[in-house]
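Residue-level structural notes
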Amino acid sequence: MDDDKQRAVYREQAEAYDRLVAAEDVDGSIGRALAACAPLAGARVLDVGCGTGRVTRVLLAAGAAHVLGVDRERAMLDVARARLAGDVATGRVTLREGDARTLDVEAGAFDVATAGWCFGHFRHWMPDGWRAAIDSALDGMERAVRPGGVVMVLETLGTGHETPRRHVALEEYFARLEGRGYRRQWFRTDYQFASVDEAAAVLGAFFPSALGDTIRHNAWRRVPECTGLWSRRA
């Protein structure tokens, strides 16, 4: 998928995307994992590729003092502003248009930097330039945190899988993270829906039709999802 086409997905389906991610992580695993890697209470956090505020909301719930969310797609930020209106109004959240590959933030201004479900897309959408794109984004995040700060990257390890699945292309990307000193862990972040039909419809809008078939076959209202977290101290 080329750059313009992948941007269109988020431009045209921002509300549907937010409904999708709102159903994930029924057990609250993400917040616990992030907090175990970095003190979040009172932290200044940079959330790269923030989208509709999925990770931003987790960071706020964990006590972050301020989150700067950066995303290049205005439609996603519009949804985030609506969902986080109170926090934007009080100044606890700032949302800004920007590209992960060319971050324009002050060096050392943050205690923590996060990127959720962002750079794995580079591996698919930029087959000839993904390494440079990911390195540029990580360089920017690492510059943004103070000495001793923490950079964390979240990525899927398999939707509809009860244990991490191996994906050859993504493993190349994961190896690049680990080559830069990031440590991997994984945990379950299952989706929870009110009905099997809702699960199949919401997930089927973003994933191959075979997943919808599997959901119906297994009568899943709770759909398994594995998530990886890579972390590194600056």
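Cut-offs used in this document
Residues numbered from 1 in each chain as written. Predicted model: local features only at pLDDT ≥ 70, side-chain atom pairs only at ≥ 80, totals over all residues. Heavy atoms only, no water. Helix = DSSP H or I, 4+ residues; strand = E, 2+ residues; numbered from the N terminus. Rg over C-alpha atoms; globule rule 2.2 N^0.38 Å. Buried < 20%, exposed > 50% of the residue type's maximum accessible area, 1.4 Å probe, protein only. Lys, Arg positive; Asp, Glu negative; His and termini not counted. Charge placed at Lys NZ, Arg CZ, Asp CG, Glu CD. Pairing = 2+ DSSP bridges. Axes fitted to C-alpha atoms, helices over the stretch in contact; angles between N-to-C directions. Contact = heavy atoms within 4.5 Å. Arc of directions from axis to C-beta. Left-handed = near helix turned anticlockwise from the far one by under 90°. Nonpolar A, V, L, I, M, F, W, Y, C, P; charged D, E, K, R; others polar. Core = buried A, V, L, I, M, F, W, Y, C linked by side-chain atoms within 4.5 Å. 1 Å grid on protein atoms, 1.4 Å probe; cavity = no way out; pocket = protein on both sides within 12 Å on 5 of 7 lines; lining within 4 Å. Points joined across faces, edges and corners; volume = space filled by probe spheres on them. Phe/Tyr/Trp six-rings, centres within 6.5 Å; stacked < 30°, edge-to-face > 60°. Lys NZ or Arg CZ within 6 Å of the ring centre and 35° of its normal.

1. Here we look at the overall build of the protein chain
- The number of helices and strands found in the protein chain is eleven helices and nine strands.
- For a compact globule of 234 residues, the expected C-alpha radius of gyration is about 17 Å, and the protein chain comes in at 17 Å, within 12% of that figure.
- When its C-alpha atoms are laid out on the principal axes, the protein chain stretches across 50 × 40 × 35 Å.
- Classification of the 234 residues of the protein chain by burial places 50% in the buried group.
- Averaging the locations of the 31 positively and 33 negatively charged side chains of the protein chain gives two centres separated by 3 Å.

2. What to know about the sheet that holds strand β5 (residues 145-159)
- Taken together, seven strands build an open sheet; the order of strands is β3-β2-β1-β4-β5-β9-β6 and the sheet is mixed. The sheet is open, and its two edges are formed by β3 (93-97) and β6 (183-188), each paired on a single side. Adjacent strand axes in the sheet meet at a mean angle of 20° when their direction is disregarded.
- Sheet analysis places strand β4 (residues 110-116) next to β5, joined by six bridges and oriented parallel. The residue bridging G116 from the neighbouring strand is L154, located in β5.
- Strands in contact with helix α3 (residues 29-37) are β5, β6 and β9 (225-233); relative to β6, the strand with the most contacts, it is inclined by about 155°.

3. Overview of helix α2 (residues 14-22)
- Within α2, burial applies to A14, Y17, D18, L20 and V21. On an axial view of α2, the arc spanned by its buried residues comes to 155°, and they lie on one face. Opposite the packed face of α2, turned more than 90 degrees from it, sit the exposed residues R19 and A22.

4. So, the packing of α3 against helix α4 (residues 54-61)
- Remark: α3 packs on α4, axes separated minimally by 10 Å, with the N-to-C direction vectors making an angle of 65°. Where α3 crosses over α4, the two elements pack in a sense that is right-handed. Residues I30, G31 and L34 of α3 form the contact with α4, whose participating residues are V55, V58 and L59.
- For the contact of α3 with α4, the residue count by class is five nonpolar, one polar and no charged.

5. Some words on the nonpolar core
- With 52 residues, the main nonpolar core has L46, F119, F122 and Y173 as its most contacted residues.
- Considering each element in turn, this core owes the most residues, seven residues, to helix α8 (residues 130-144).
- Not counting chain neighbours up to four residues away, the residues in contact with Y173 comprise F119, G120, R123, W130, I134, V153 and E155.
- Of all hydrophobic cores here, the second largest spans 26 residues; its members include L34, V45, V112 and M152.

6. So, the layout of surface pockets
- Taken as a whole, the largest pocket holds about 870 Å³ of empty space.
- Within the residue set of the lining of the largest pocket, elements represented by two or more residues are α1 (3-12), α2, α7 (119-125), β5, α9 (168-179) and α11 (209-218).
- Tallied by class, the residues present in the lining of the largest pocket amount to 17 nonpolar, ten polar and five charged.

7. Focus on the packing of aromatic side chains
- Taken as a whole, this structure holds five aromatic pairs when the rule is applied.
- Both rings, one in Y17 and one in F206, keep their centres 6.2 Å apart while their planes meet at 70°; by these two values the pair is edge-to-face. Of this pair, Y17 sits in helix α2 while F206 sits in the loop between α10 (196-204) and α11; the two residues are 189 residues apart in sequence, bridging distant segments of the chain.
- The exposure class assigned to Y17 is buried, which follows from its relative accessible area of 12%.
- Exposure remark for F206: the relative accessible area of 24% places this residue in the partly exposed category.
- Between F119 and F122, the aromatic rings sit 5.5 Å apart at their centres with planes inclined by 45°, giving tilted as the arrangement. Here F119 pairs with F122, and both are found in helix α7, just three residues apart, close to one helical turn. Like F119, the residue F122 is buried in the burial classification.
- Aromatic rings pair up to connect Y173, F174 and W230 into one cluster.
- In this structure, R54 is placed above the aromatic ring of W117, and the distance from its NZ or CZ to the ring centre is 3.5 Å.

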